[in-house]
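# Results of the structural survey
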Amino acid sequence: MTTLDCSAYSARLLTLAAGLPRVPREDLYGFLDAAATAARALPAPLAKALDDFNARGNDDGYLLLRRLPVEEDDALPRTPDSTPAPVERPLLNQEAMLAIVGRRLGLHTGYRELRAGSVYHDVYPSPGAHYLSSETSETLLEFHTEMAYHVRQPNYVMLACSRADHERRAATLVSSVRKALPLLPDGVRAHLFERPLPCCVDVAFRGGVDDPGAIADVTALYGDVQDPFLGYDRELLAPRNAADVEAVAVLSKALDEVREAVYLVPGDVLIVDNFRTTHARTPFAPRWDGKDRWLHRVYIRTDRNGQLSGGERAGDVVGFVPRH
Ligand SMILES: O=C(O)CCC(=O)C(=O)O
Ligand SMILES: [Fe+2]
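Here the structure is a predicted model, which means the values were calculated and not measured. (Residues numbered from 1 in each chain as written. Chains lettered and ligands numbered in written order. Predicted model: local features only at pLDDT ≥ 70, side-chain atom pairs only at ≥ 80, totals over all residues. Heavy atoms only, no water.)

The final tally for this structure, using the stated rule, is eight aromatic pairs. Seen from their ring centres, F53 and Y156 are 5.8 Å apart, and the 35° between their planes marks the pair as tilted. Placement of F53 in helix α3 (residues 44–56) and of Y156 in strand β6 (residues 156–163) is noted, with a sequence separation of 103 residues between them. Classification of F53 as buried rests on a relative accessible area of 3%. Each member of the aromatic cluster is reached from another via a ring pair, and the members are Y149, F205 and F320. Note that R293 overlies the ring of F284, its terminal NZ or CZ placed 5.5 Å from the centroid. The side chain of R313 reaches across the aromatic face of Y29, ending 4.1 Å from its centre. (Phe/Tyr/Trp six-rings, centres within 6.5 Å; stacked < 30°, edge-to-face > 60°. Helix = DSSP H or I, 4+ residues; strand = E, 2+ residues; numbered from the N terminus. Buried < 20%, exposed > 50% of the residue type's maximum accessible area, 1.4 Å probe, protein only. Lys NZ or Arg CZ within 6 Å of the ring centre and 35° of its normal.)

Printed below as a string of structure tokens:
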């Protein structure tokens, strides 16, 4: 199962959201603790869908929850044009959904170097955004596994939608390794499996250096040979020798062939399995009228893949450790 219509649970979810602190950023630990309590009271079918996805993943590599509570457009604030959000900003319904659903899955995590270590990211178009940034709009944001080069890589990227782009052209693309693997010749699989490849890092992790080069290593396929995990970034992976370059090109083509497009609309929460997929976003045209596309993003760690060592809390902020 990949898509779940949650309209039948609206009343219950609004009640759970109403039980959360109104100003989440004032005490984020307390807010996420309250969300953990709410997560235990989710409607059974929704709870089961989340628990199953958390235990086994699925072939598409994402779970899309639709028709969750979201404000009417006129009741929403203007789409932000700066980050992080002011501490006093009141809770939005979609932020509440990210809190509750996220706590069912694992622990919300902030990344110190990224957006001042904030846990909730507003994703909105920004004029003149760097081409690798989620603030791009008129250019394609290329395939990336989120922070594949980071030892504390999040298990899930969650994207909640308060506003779609005006023309509803922006698609979030997700490619799953479970669908791409059968397209790979045995030789390519064997070549890439458990083979670290040089990888550059996103601007936030470059320590103020313009271009530090490939300061990390990322393994494209690893884990269970029959059901491997994926680390793939079209812009940052920097294979050096000809055999690596060729194998990555074959993987890249397979990932293109299996991609699924999700057009996020208000009330959607997309949960991306960040160890089995790579994702991208197609271009769209902002109007800079306060009503541009607006997503809320959180990163979730779970104890899968050694992402937790014990004692962590939802809301912790972690520092950068490159993978090697
Ligand atoms: O805007 C989107 O749909 C996805 C952007 C993205 O890759 C992200 O926020 O991680
Ligand atoms: Fe992303």
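On to the sheet that holds strand β5 (residues 141–144). The sheet built from four strands is open, its strands ordered β5-β14-β7-β12 with antiparallel pairing. Whereas interior strands pair on both sides, the edge strands pair on one side only; in this sheet they are β5 and β12 (260–262). Neighbour to neighbour, the strand axes of the sheet diverge by 20° on average, direction disregarded. (Pairing = 2+ DSSP bridges. Axes fitted to C-alpha atoms, helices over the stretch in contact; angles between N-to-C directions.)

As a structural note, the neighbourhood of ligand 1 is formed by V123, S134, L141, H144, E146, L159, T172, H279, R281, R293, L295 and R297. Separating an oxygen atom of ligand 1 from a side-chain N or O atom of T172 is a distance of 2.6 Å. Here an oxygen atom of ligand 1 sits 2.8 Å away from a polar atom, N or O, in the side chain of R293. When ligand 1 is considered free in solution it has 290 Å² of accessible area, and contact with the protein chains removes 100% of it. Spatially, ligand 1 is embedded in the largest pocket. Elements with a minimum of two residues in the shell around ligand 1: β5, β14 (277–281) and β15 (294–301). Here the residues of the shell around ligand 1 are counted per class, giving four nonpolar, four polar and four charged. (Near = heavy atom within 4 Å. Polar contact = N/O pair within 3.5 Å; in protein donor to acceptor, adjacent residues only side chain to side chain. Areas by Shrake-Rupley, 256 points an atom, 1.4 Å probe, with all protein chains shown as cover. 1 Å grid on protein atoms, 1.4 Å probe; cavity = no way out; pocket = protein on both sides within 12 Å on 5 of 7 lines; lining within 4 Å. Sits in = over half its atoms within 2 Å of the grid points. Nonpolar A, V, L, I, M, F, W, Y, C, P; charged D, E, K, R; others polar.)

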